[in-house]
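# A closer look at the structure
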Amino acid sequence: MITIGIFVATCVNSIIIKSVDENTDTTWRIALGIQIAPSALLVLLVFFIPFSPRWLAEKDRHDEGIAALAKLREKPTTDPEVISEYAAIREHVQFERSIGQASWSEFKQPGLRRRLILGIVNQFFQQFTGINVILYYGPTLFKYMGFTSADTVIAFPLANTFINFIATFPGMFLVDRFGRRNLLLYGGMVEAVAHAFIYIFVTIGNTRDSQASWGAIIAVYVFTVAFASTWGPVVWSYQAEIFPLRLRAKGAGISTMSNWAWNAVIAFAWPKVFTALDHQPVAYWIWAAFCTLSAIWVFFAVPETKGKSLEEIDEVFGDTVGASSAGNLEVGVEKK
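Below or above, wherever it landed, is the structure these notes cover. Predicted, not measured: the structure shown is a model, and the values here were computed from it.

Turning our attention to the nonpolar core. Formed by 49 residues in total, the largest nonpolar core has its most connected members in Met-145 and Ile-198. Among the secondary structure elements, those contributing two or more residues to this core are helix H7 (110-127), helix H8 (131-143), helix H11 (180-207), helix H12 (213-229), helix H13 (231-242), helix H14 (245-276) and helix H15 (283-301). Counting residues in hydrophobic clusters, the runner-up holds eight residues, among them Ala-57, Ile-66, Val-82 and Ile-89.

Attention shifts here to the layout of surface pockets. Any empty space left between atoms is shown by rolling a water-sized probe over those atoms. Taken as a whole, the largest pocket encloses approximately 1,800 Å³ of empty space. For the largest pocket, the lining is made up of 48 residues, of which Gly-5, Ile-6, Ala-9, Thr-10 and Tyr-136 are closest to its centre. Residue contributions to the lining of the largest pocket peak at twelve residues, all from helix H1 (residues 2-19). Split by residue class, the lining of the largest pocket holds 29 nonpolar, 19 polar and no charged.

Before going further, it helps to examine the packing of aromatic side chains. According to the stated counting rule, one finds 25 aromatic pairs in the structure shown. Taking 6.5 Å as the distance between ring centres and 75° as the angle between the ring planes, the aromatic pair formed by Phe-128 and Trp-262 counts as edge-to-face. Taken together, the positions of Phe-128 in the loop between H7 and H8 and Trp-262 in helix H14 put the pair 134 residues apart, joining distant regions of the chain. By relative accessible area, which is 11% here, Phe-128 ends up buried. Each member of the aromatic cluster is reached from another via a ring pair, and the members are Phe-124, Phe-125, Phe-128, Tyr-144, Trp-262, Trp-270, Phe-274, Trp-287 and Phe-290. When the ring centre of Phe-173 is taken as reference, the NZ or CZ atom of Arg-177 above it lies at 3.8 Å. The ring of Trp-104 carries Lys-250 above its face, with NZ or CZ at 5.5 Å from the centroid.

Take the pattern of salt bridges next. Considering all chains together, one arrives at seven salt bridges under this definition. Arg-61 is paired through a salt bridge with Glu-64; the nearest N and O atoms lie 2.9 Å apart. Arg-61 gets classed as partly exposed once you look at its relative accessible area, which sits at 29%. Using a relative accessible area of 40% as the deciding quantity, one classes Glu-64 as partly exposed.

As a further point, take the packing of H11 against H13. At a closest axis distance of 10 Å, the pairing of H11 and H13 adopts a crossing angle of 150°. The angle between H11 and H13 falls in the class roughly antiparallel. The handedness of the crossing between H11 and H13 is left-handed. In contact with Arg-180, Leu-183, Leu-184, Gly-187, Gly-188 and Glu-191 of H11, H13 contributes Trp-231, Val-234, Val-235, Tyr-238 and Glu-241. When grouped by side-chain class, the residues that make up the contact of H11 with H13 number six nonpolar, two polar and three charged.

Turning to the environment of Ala-228, a few remarks are in order. Inspection of the secondary structure puts Ala-228 in helix H12. Separated by 192 residues in the primary sequence, Ala-228 and Ile-36 place their C-alpha atoms 26 Å from one another. The contacts of Ala-228, once residues within four sequence positions are left out, are Asn-164, Ala-167, Thr-168 and Pro-233.

Let's shift gears to the side chain of Thr-305. Residue position: Thr-305 is located in the loop between H15 and helix H16 (310-316). A relative accessible area of 0% places Thr-305 in the buried class. Among the polar contacts made by the side chain of Thr-305, one reaches the side chain of Glu-241 at a distance of 2.7 Å. Excluding residues that lie within four positions of it along the chain, Thr-305 makes contacts with Arg-180, Tyr-238, Glu-241, Ile-242 and Ile-313.

Attention shifts here to empty space enclosed by the protein. Scanning all chains against the criterion turns up two cavities of 30 Å³ or more. The space that makes up the largest cavity amounts to roughly 40 Å³. Surrounding the largest cavity, Leu-141, Tyr-144, Met-145, Val-202, Phe-274, His-279, Pro-281 and Tyr-284 form its lining. Taken together, the residues of the lining of the largest cavity break down into seven nonpolar, one polar and no charged. If you add up the space inside the second largest cavity, you get close to 30 Å³. Of all the secondary structure elements, the ones that give two or more residues to the lining of the second largest cavity are H8 and H15.

Now for unusual backbone geometry. Positive phi outside glycine occurs at Asp-60, with the angle close to 60°. Mapped onto the elements of the fold, Asp-60 is located in the loop between helix H4 (53-58) and helix H5 (62-73). Judged by relative accessible area, Asp-60 falls into the partly exposed class, the value being 45%. Notably, Glu-74 is not glycine yet its phi reads approximately 55°, a positive angle. Summarising the element assignment, Glu-74 is placed in the loop between H5 and helix H6 (80-98).

Thresholds, definitions, all that
Residues numbered from 1 in each chain as written. Predicted model: local features only at pLDDT ≥ 70, side-chain atom pairs only at ≥ 80, totals over all residues. Heavy atoms only, no water. Core = buried A, V, L, I, M, F, W, Y, C linked by side-chain atoms within 4.5 Å. Buried < 20%, exposed > 50% of the residue type's maximum accessible area, 1.4 Å probe, protein only. Helix = DSSP H or I, 4+ residues; strand = E, 2+ residues; numbered from the N terminus. 1 Å grid on protein atoms, 1.4 Å probe; cavity = no way out; pocket = protein on both sides within 12 Å on 5 of 7 lines; lining within 4 Å. Points joined across faces, edges and corners; volume = space filled by probe spheres on them. Nonpolar A, V, L, I, M, F, W, Y, C, P; charged D, E, K, R; others polar. Phe/Tyr/Trp six-rings, centres within 6.5 Å; stacked < 30°, edge-to-face > 60°. Lys NZ or Arg CZ within 6 Å of the ring centre and 35° of its normal. Salt bridge = Lys/Arg side-chain N within 4 Å of Asp/Glu carboxyl O. Axes fitted to C-alpha atoms, helices over the stretch in contact; angles between N-to-C directions. Parallel < 35°, antiparallel > 145°, perpendicular 65-115°, else oblique. Left-handed = near helix turned anticlockwise from the far one by under 90°. Contact = heavy atoms within 4.5 Å. Polar contact = N/O pair within 3.5 Å; in protein donor to acceptor, adjacent residues only side chain to side chain.

Geometric values such as these leave the question of function open.
Put into structure tokens, the structure is as follows:
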């Protein structure tokens, strides 16, 4: 889980900051070097990731496929629902084979083009909520809220990344109960309000009462809770669901690439933007505006996918790339 990684990285950075002279390049060299260990562990654990039922069906490994599906559903391989669902998966695979290998040109189709735009724009708004400005440049932001160096460099970032980790769990619990669309919609609205309150409290703290800056800290943490339980995890789960299996690698790949492109834009541009604004809290209205736009985007453009199979999602987007077009296949997934 990426949020526990962010928290652990912040802990490591805090230890390095306290232990090593920050005026040398030793600090960042140690931080980068330590990353070799989890990277090696990731490579090792990849070998233990199980194959999905659909992938096994594509490779004609049907005994393994139905066993994998039964394990996912926590039912025996002889269960009628498991057998029915795996039969639909096989039929889906056969249909995809009949229409040939996946091609980039297929994204010209209206339904698939819409899915790709959704993936890219959702990733854009995930980055432009302002989350990585707070995670990357938190010490600077906290400093201009009027707090001391020890608090801004260690205490507040540690608390924020821990909250980011803990708040991910409600999102994992709620995504299949309230739906992807609702979490994104209300998450965007709460994030916008949180940014507005950051501006209000920082402004009061800088001009009238310095104690008001504590309200800004609380607003930052409210924003983090909202993001970590909505736009943080839901964008990724939504992206994994909307593309047909045969085009998932291409569609998800482009969407993920856009995530890192927007991330890079923010990482390089924000210091210049904040400096140009003379480090004034008006900067938070930028993120409030983007969060508001994200909620509007979800309301008008993002359909719900909760409880839907891949075949049913084809119907949601009104195209015929999936197996549903080959006979309205029914699968053993509860419709909600």
